[in-house]
Amino acid sequence: MECEHKHISYKNELNLSEEELIAESETILLALKKRRSLRFFSDKTFPAEVIENVVMAASTAPSGANKQPWTFCIVSSPELKKQIRIAAEEEERISYASRMSEEWKEDLKPFATNWQKPFLEIAPYLIIVFKRVYEFEIGGKKHQNYYVNESVGLACGFLLSAIHKLGLVALTHTPSPMDFLTKILERPSNERPYLLIPVGYPADDATVPDIQRKSKKDVLIWYQH
Ligand code: IYR
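Anyway, here's the lowdown on the structure attached to this text. Please read these numbers as outputs of a predicted model, since none were measured by experiment.

## Observations concerning the pattern of salt bridges
This model, assessed by the stated rule, comprises ten salt bridges. Taking the shortest distance from any N to any O, the salt bridge between Arg85 and Glu121 comes out at 2.9 Å. On the criterion of sequence distance, the pair formed by Arg85 in helix 3 (residues 78–99) and Glu121 in helix 5 (residues 119–122) is long-range, its members being 36 residues apart. Among the ionic contacts, a cluster of salt bridges with common partners joins Arg132, Glu135, Arg187 and Glu191.

## Here's the deal with the packing of aromatic side chains
The final tally for this structure, using the stated rule, is four aromatic pairs. Relative to Phe119, the ring of Phe41 lies with its centre 6.5 Å away and its plane at 45°, an arrangement referred to as tilted. Remark: Phe119 occurs in helix 5 and Phe41 occurs in the loop between helix 1 (18–33) and helix 2 (48–58); sequence separation between them is 78 residues. On the basis of relative accessible area, Phe41 is assigned to the buried category, the value being 6%. Residue Phe119 is classed as buried on the basis of its relative accessible area of 4%. Taken together through their ring pairs, the aromatic side chains of Phe46, Tyr125 and Tyr201 make up a single cluster. Positioned over the ring face of Tyr201 is Lys44, at 4.2 Å from the centre of the ring. Directly above the aromatic system of Trp115 lies the positively charged group of Arg93, at a separation of 3.9 Å from the ring centroid.

What counts and how
Residues numbered from 1 in each chain as written. Predicted model: local features only at pLDDT ≥ 70, side-chain atom pairs only at ≥ 80, totals over all residues. Heavy atoms only, no water. Salt bridge = Lys/Arg side-chain N within 4 Å of Asp/Glu carboxyl O. Helix = DSSP H or I, 4+ residues; strand = E, 2+ residues; numbered from the N terminus. Phe/Tyr/Trp six-rings, centres within 6.5 Å; stacked < 30°, edge-to-face > 60°. Buried < 20%, exposed > 50% of the residue type's maximum accessible area, 1.4 Å probe, protein only. Lys NZ or Arg CZ within 6 Å of the ring centre and 35° of its normal.

Quick look at the structure:
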């Protein structure tokens, strides 16, 4: 009998030995440990096909009911980048002056951030990730998506890993509020800006804050017995 909801067979293609699993997992850990958020970009560009491939890699992420509730806008137009920088800096200027708490600004001191966001014009590509809160059905009825924040967060994680694997760098930038992105990019009402991710090569004189990741004992708890 034909099944209405068809399943297809799945095979693990790798079949690593235990030794290989350990070695590979160490390699993955070492590689991901090297990822850093960058605020200093080179204006050097790279083929558009590359950014399309990393976005499509992001779009393989798991999502609630496989709704894939994301849209990735890729901006390389200097004019649009400038508009986005001006609008982001306007919001950030207010945020740093009056919206962010003293405690928050204290926590940000190691990162030496301020309202100025030159990287929004310098990086060759800006990926603006939108979450799709609902979909429009034929006839205009709204169909809610599920676990939208979790799903889009996972897709962004995949995206950052893919970018890092290529030796490119990115910043998960969150100008706040972000609704100027909806307007500038003319996105529909079911989409909300989620993250603004400049992507490119690091500037020759790029620096990153000297900060540490938590240790195993602080992030990992075993329950074996
Ligand atoms: N959105 C501001 C502030 C900011 C907030 C956090 I949390 C950061 O980790 C970094 C910055 C800005 O981009 O400067």
